[in-house]
Amino acid sequence: MNKLWPAVVVIVMLWLSAGAAQPEPITITAVISETSGYRIMADLAAAYMAEHPGVRIVVLPGPARTDDLFAAYALHLERQSGVDIVQLDVIWPGTFISDYLIDLKQYGAGEHLGQHFPAIVKNNVVDGRLIAVPWFTDAGLLYYRTDLLEQYGFAGPPATWDELEEMAATIQAGERAAGNRDFWGFVFQALPYEGLTVNALEWLASAGGGTIISPEGVVTVNNPAAAAMLNRVAGWLGNIAPRAVLGFAEEESRIFWTAGNAAFLRNWPYVYTLANHPTSPVVGKVGVTRLPSLDGEAQVAGLGGWGLGVTSFSAHPEIAAEIVFYFTSHYAQRRRAIEGGFAPTIPALYQDPEVLAASPFFTELLEILAIAVARPSAVSAPNYREVTQAFFQAVHRVLEGQIGAEEALEVLELELTAITGLPSGPP
Ligand code: GLC
């Protein structure tokens, strides 16, 4: 028996050390929107875990629309539930969510920031705290069917709204006569939600109608150019655009267009890769360019985009921050650009041959980003959510035909000055 003791001791020691070498992995949870490359994120997480056996990353799918994602995060934060990593819309810094995010500079973000567009980094700084690292950027674009433009004798995409109306009407009439009875000229996003704010901001800016509230803090929305443009868009419904756009967000309009039911589509860069997927009905027929304007001179695109941040309830903020740096890195953004068409926040990637082969229009996108128009979120913080809700509801009523744009904008001006305390004036 005595002879057995050393063996027993060795076995117990081995057992103990094996236990010590394999502690429970630390779990980091990220909630990522279905439309922000959720699947690629799961792949990136798997690659990270293979190299970090002590860490388990759980990527949960979040809602597709920004408003729904905001509501979902608000619930998580209220309940202090275990979400570590969240994605932040460019319009969110300054909303209450920023109060629940850690300052990533305290966790070594500094060394990663130099590679990003400085303006996007700056947008994510609230009261000196860096609450998100840039992840991808967005600009509103005009998609068109290259085959149909050619078939109907148009040399290139429209530069003005007049041209778009003419092309949309011609192609629509031709396609319907050819038996495609549900074919429409143009689809976009007019559901009453944040996406309508961007669409309508683009309409206004494209027609010299200002940007709702100027960067200097003047409520400019009530002006004749803005009213004329909104009335014009209301006139598209039922003529060159289906009334169904009143219920369309990004995904509904993308699916409608990709199924081959419309000539033109307003949407973000992510559509390009999906529309050109081998199984897509419009593969190889996808054109993309900047949005038209009234005079063909004004260059218009609504600015969007997202960053990644860490909640202050995270039990492992330093590990969550490391994962955010990895998810937003050159390597991850390159993969997301090639596999998902997500526009990088790292300028160097716009020179990368593989990125450009996957999305050839990224060269032009870089120019579009430089002139893209921001929503008035910074200037109206912390009240941007009330501002955008008042705006998209007013626009929606005009598009529905409930009210003329002049009257709607007059009331809206009063609402916006009351919400923000800012003065009103011409753009
Ligand atoms: C895109 C943009 C985001 C915007 C949203 C509106 O996700 O990146 O900034 O708020 O669309 O629907």
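Each remark here, short or long, concerns the structure printed above.
Residues numbered from 1 in each chain as written. Predicted model: local features only at pLDDT ≥ 70, side-chain atom pairs only at ≥ 80, totals over all residues. Heavy atoms only, no water.

> Give a detailed account of the sheet that holds strand S8 (residues 184-187), specifying residues and quantitative values.
Reading across from one edge, S8-S9-S7-S10 is the order of the 4 strands in this open sheet, with mixed pairing throughout. Sheet topology places S8 and strand S10 (286-289) at the edges, where each strand pairs with a single neighbour. When the angles between neighbouring strand axes are averaged without regard to direction, this sheet yields 15 degrees. The strands touched by helix H7 (residues 161-177) are strand S7 (141-145), S8 and strand S9 (262-267); relative to S8, the strand with the most contacts, the crossing angle is about 135 degrees. (Pairing = 2+ DSSP bridges. Helix = DSSP H or I, 4+ residues; strand = E, 2+ residues; numbered from the N terminus. Axes fitted to C-alpha atoms, helices over the stretch in contact; angles between N-to-C directions. Contact = heavy atoms within 4.5 Å.)

> Summarise helix H3 (residues 66-79); cite the residues concerned and give the values.
Between its terminal C-alpha atoms H3 stretches 20 Å, which fits the 20 Å expected from 14 residues at 1.5 Å a residue. Within the span of H3, buried status applies to Thr66, Asp67, Leu69, Phe70, Tyr73, Ala74 and Leu77. Projection of H3 onto a plane perpendicular to its axis shows the buried side chains occupying an angular sector of 155 degrees, all on one side. Elements in contact with the buried residues of H3: strand S1 (26-33), strand S2 (55-62), strand S3 (85-89), helix H8 (194-206), strand S11 (303-310) and helix H17 (384-400). (Expected span 1.5 Å × (residues − 1). Buried < 20%, exposed > 50% of the residue type's maximum accessible area, 1.4 Å probe, protein only. Arc of directions from axis to C-beta.)

> Just give me the short version of the environment of Gly140, but keep the residues and values in it.
Turning to its location among the elements, Gly140 is positioned in the loop between strand S6 (133-139) and S7. Of the residues examined, Gly140 reaches a relative accessible area of 0% and is grouped as buried. Along the backbone, Gly140 and Ala109 are 31 residues apart, and their C-alpha atoms lie at a distance of 29 Å. Apart from the residues lying within four places of it in its own chain, the contact partners of Gly140 are Glu202, Arg266, Asn267, Trp268, Leu291, Val300, Ala301 and Gly302.

Any functional reading would require information beyond the geometric quantities listed.
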